[in-house]
Structure formats: structure tokens, C-alpha cells
Amino acid sequence: MSMDSRDKRQPLLKALSNAFDGIKTALKSERNMRIHFISSFLAIGASFYFSITKIEWLFILFAIGGMFALELVNTAIERVVDLVTSERHPLAKQAKDIAAGAVMIYAILSVIIGSMIFFPYVLKLF
Ligand SMILES: Nc1ncnc2c1ncn2[C@@H]1O[C@H](COP(=O)(O)OP(=O)(O)OP(=O)(O)O)[C@@H](O)[C@H]1O
């Protein structure tokens, strides 16, 4: 392995480690992230229990992955706003509220997806 290729690999590993640090920080500090974590755990458990189809798995995984990704972006926006100002400012409010709105839209979509997939399986139990 040449010195050159090692030099290129190091920043990639560092970038991955930084990304994991970000996820750990958000999980520790954000209540919503912990709620997503528990919901995802339940959704994955139910998916195995009901042996959902491959297409249904894809929707569940996109709902879960998208929700985590969006919540991380929302958390990052909150941090940047707090870094820029500790004063109350209408633009700070707008930035946080708009980011929270994006999370809410995806959360509603995820609940709809989960209900459409699991409801028929639950009905079959009775
Ligand atoms: N600097 C600010 N200026 C004006 N309004 C703000 C400011 N910071 C926060 N807000 C308002 O207060 C709300 C709560 O802000 P906060 O920083 O506590 O985030 P949060 O919504 O509690 O985030 P989360 O609960 O997802 O961690 C925001 O959604 C926004 O409406």
C-alpha cells in the first residue's frame, strides 16, 4: 500500500467516526431521537413477527432511515441557530420551526406507512 492511498483513507475513516459521534451525541441529548429509536425497534420487531413482504420492508426501512436522518438534520439546525444567537430572534424561531415542520411531515408519513402495512396483519390475528 503506497503512502498516498493511506493518506486518502485516513480522512474517510475520520469522517465516518465524526458522523458516528454526531449520531451518538444526538441520541444522548435529543428526546425525539430516543423516541424514534424505540419506535424503530418496535416496527422492526413487528416486521419480523408478521413476516412482512420485501416491498413492505423497503417502505419500513425508508420510513425509519428517513426519520433518523431528518431528525439529525433538525438537531444540527437547532445547534447552529443556538450557536449563532442566544437572543430571541424571529429568524431563529422560523429556522427552528420550519425544521421541526419538516420532521413532523415525515413523522406523519411514517405513521401512515406503518398503519397501512401493519393494520391488515393485526386484523388477521382476530
Ligand atoms: N433564539 C430563538 N429565538 C426565537 N425563538 C426561539 C429561539 N430558540 C428557540 N425558539 C423557539 O422555541 C422553540 C423551542 O426551541 P428549542 O431550542 O427548545 O428547540 P426544541 O423545539 O425544544 O427542540 P427539540 O425538542 O426537538 O430538541 C422553537 O421551536 C422556537 O419556536
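Only a predicted model underlies this, so the values are computations on that prediction, with no experimental measurement involved.

Visitor: Go over the nonpolar core, please, and point to the residues and values.
Guide: A43, I60, A63, I64, M67 and I117 form the largest nonpolar core, which has six residues in total. It is helix α3 (residues 54-84) that contributes the most residues to this core, four residues altogether. Beyond its immediate stretch of four places on either side in the chain, I64 contacts S40 and A43.

Visitor: Could you give me a rundown of the UniProt feature "binding site: a divalent metal cation" (unreviewed entry) in the protein, with the residues and numbers involved?
Guide: Following the UniProt record, one finds the feature "binding site: a divalent metal cation" (unreviewed entry) at E30 and E78. Spanning 49 residues, the named residues form one tight spatial group whose C-alpha atoms are at most 10.9 Å apart. With respect to the helices, strands and loops of the structure, E30 is situated in the loop between α1 (3-29) and α2 (31-49). Tracing the backbone through its elements, the reader meets E78 in helix α3.

Definitions and cut-offs
Residues numbered from 1 in each chain as written. Predicted model: local features only at pLDDT ≥ 70, side-chain atom pairs only at ≥ 80, totals over all residues. Core = buried A, V, L, I, M, F, W, Y, C linked by C-beta atoms within 7 Å. Buried ≥ 20, exposed ≤ 12 C-beta atoms within 10 Å, placed from the backbone. Helix = DSSP H or I, 4+ residues; strand = E, 2+ residues; numbered from the N terminus. Contact = placed C-beta atoms within 7 Å. UniProt positions renumbered as here; feature names shortened; annotations may be inferred.

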